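Structural overview
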Amino acid sequence: MQAPDDFNPTAGVPEELQPDVRRLLAPNPSPMTYRGTNTYLVGTTDLAVIDPGPDMDAHLEAILACVLPGQRISHIIVTHSHLDHSPLARPLAARCGAPIYGFGACEAGRSTIMQELVSAGMKSGGEGIDLGFTPDITVADGEILSAAGWELEVIHTPGHLGNHIALALGDACFTADHVMGWASSLVSPPDGDLTDFMSSCARLRARDWRVFYPGHGAAITAPQERLDWLISHRKGREAEILTCLAEAPATPAELARMIYKETPVALLPAAERNVFAHLVDLVGRSRVAPCGEFRETGRFQILV
């Protein structure tokens with residue numbers, strides 16, 4: 001699914017998306033962040049800042065400039081601890097005095113299989129984990145955060161990252177990087193887990209939403225359709241991997257080169273991580289097995 005060509009807001013200029021919800025784009029465009037990270041402000045008097053974004057002075061000042069007379073920032077909520085979402089939380093808290101809410105540090109919510117891979121020596125893939133992130137207040141799945149005029153329900157949505165959460169505001173959902181407005185979400189072991197990702201998709205799909213406000217890209221006005229596409233996209237990638245393995249055992253790197261033929265060389269390492277995420281999921285479902293040691297550089301074979 002292609003990114004909408006007309007999504008190109010001016011960084012640092014707030015846009016009202018619905019009553020009491022404003023979006024503020026951070027000036028950090030890149031191949032992994034599209035136009036930049038979306039920061040959201042919810043409320044009219046007590047404001048929740050969702051995903052302050054990268055540690056950039058200009059974005060910090062832009063957030064603070066959104067606080068109008070009679071308003072204050074009461075909550076700083078971080079959906080997950082990637083470097084384009086969480087680092088500005090601490091400087092913002094120092095300026096406004098609000099506590100930081102999150103599911104936990106970067107290893108929080110990590111699945112058992114991913115913990116085992118880390119114990120075996122697997123490192124993060126360089127997508128930018130905020131290793132120093134720690135919330136002041138840890139939130140739990142189903143918890144309600146509230147202030148004057150708003151309530152946000154915490155929905156634990158692991159997959160993109162173990163500590164990833166979405167936030168429901170009535171029939172609107174802040175989906176962060178689980179459902180994005182311009183591309184499919186990266187799932188990169190050992191921080192991302194595809195089995196968890198698909199379960200989180202199914203969980204969101206079971207609810208009736210009006211709109212998704214993603215961490216990157218435009219608002220998604222057909223949420224169920226977008227989730228169906230995301231699930232179908234992953235199932236299609238799985239089918240491609242199984243087709244390749246039916247020919248011969250292969251490593252994640254070999255599979256990535258066979259499948260991601262149009263992907264720029266610089267993005268192939270991320271593609272390899274995506275393939276490995278699928279392989280871990282397929283091993284867990286007894287569709288695929290490692291030929292030897294279970295590791296990201298190992299060879300895998302299909303099981304009949």
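Details of the structure are given in the entry above.
My aim in this report is to walk through the structure given alongside it, one point at a time. This one's a predicted model, so the numbers in the text were calculated from it and none came from an experiment.

Looking at the pattern of salt bridges
Within this structure, the stated rule accounts for 15 salt bridges. We note a salt bridge from Glu 61 to Arg 95, for which the minimum N-O separation is 2.9 Å. Taken together, the positions of Glu 61 in helix α1 (residues 57-65) and Arg 95 in helix α2 (residues 89-96) put the pair 34 residues apart, joining distant regions of the chain. A relative accessible area of 48% places Arg 95 in the partly exposed class.

Focus: the pairing of strand β8 (residues 144-147)
Inspection of the sheet shows β8 paired to strand β9 (residues 150-156) by four bridges, in the antiparallel sense. Its bridge partner lying in β9, Ile 144 is registered against Glu 153. Between β8 and β9, which pair antiparallel in sequence order, lie two residues; one of them, Gly 149, sits at a positive phi of approximately 90°.

So, the pairing of strand β4 (residues 46-50)
Of all five residues that make up β4, five are buried, and the element is covered over most of its length. The alternating pattern of β4 places Asp 46, Ala 48 and Ile 50 on one face and Leu 47 and Val 49 on the opposite face, and all of these are buried. A crossover links β4 with its parallel partner strand β5 (residues 72-77), the connecting element being α1, and its sense is right-handed.

Structural notes on the packing of aromatic side chains
All chains considered together, the criterion is met by nine aromatic pairs. Seen in terms of ring centroids, Tyr 34 and Trp 182 are 5.0 Å apart; in terms of plane orientation they differ by 5°. Their pairing is stacked. Taken together, the residues span a long stretch of sequence, with Tyr 34 in the loop between β2 (21-25) and β3 (38-42) and Trp 182 in the loop between β11 (172-176) and α4 (194-205) at a distance of 148 residues. A single burial state applies to Tyr 34 and to Trp 182, both of which are buried. Aromatic ring contacts, followed pair by pair, group Phe 7, Tyr 34 and Trp 182 into a single cluster. Between Arg 234 and the ring centre of Phe 197, over which it is positioned, the NZ or CZ distance is 5.6 Å.

Details of the environment of Thr 39
By the secondary structure assignment, Thr 39 is in strand β3. Considered as a pair, Thr 39 and Leu 25 are 14 residues apart in the sequence and their alpha carbons are 6.1 Å apart. If near-sequence neighbours (up to four positions away) are discounted, Thr 39 is found in contact with Arg 22, Arg 23, Leu 24, Val 49, Ile 50, Asp 51, Pro 52, Gly 53, His 59 and Ile 63. In terms of polar contacts, Thr 39 uses its side chain to reach the backbone carbonyl oxygen of Asp 51, at 2.7 Å.

Some words on α1
Along α1, the positions that sit buried rather than exposed are His 59, Leu 60, Ala 62, Ile 63 and Leu 64. Of the surrounding secondary structure, the elements contacted by the buried residues of α1 are β2, β3, β4, β5 and α2.

Basis of the calculations
Residues numbered from 1 in each chain as written. Predicted model: local features only at pLDDT ≥ 70, side-chain atom pairs only at ≥ 80, totals over all residues. Heavy atoms only, no water. Salt bridge = Lys/Arg side-chain N within 4 Å of Asp/Glu carboxyl O. Helix = DSSP H or I, 4+ residues; strand = E, 2+ residues; numbered from the N terminus. Buried < 20%, exposed > 50% of the residue type's maximum accessible area, 1.4 Å probe, protein only. Pairing = 2+ DSSP bridges. Right-handed = clockwise from strand over helix to strand, strands pointing away. Phe/Tyr/Trp six-rings, centres within 6.5 Å; stacked < 30°, edge-to-face > 60°. Lys NZ or Arg CZ within 6 Å of the ring centre and 35° of its normal. Contact = heavy atoms within 4.5 Å. Polar contact = N/O pair within 3.5 Å; in protein donor to acceptor, adjacent residues only side chain to side chain.

Limitation: the analysis is restricted to geometry and does not speak to function.
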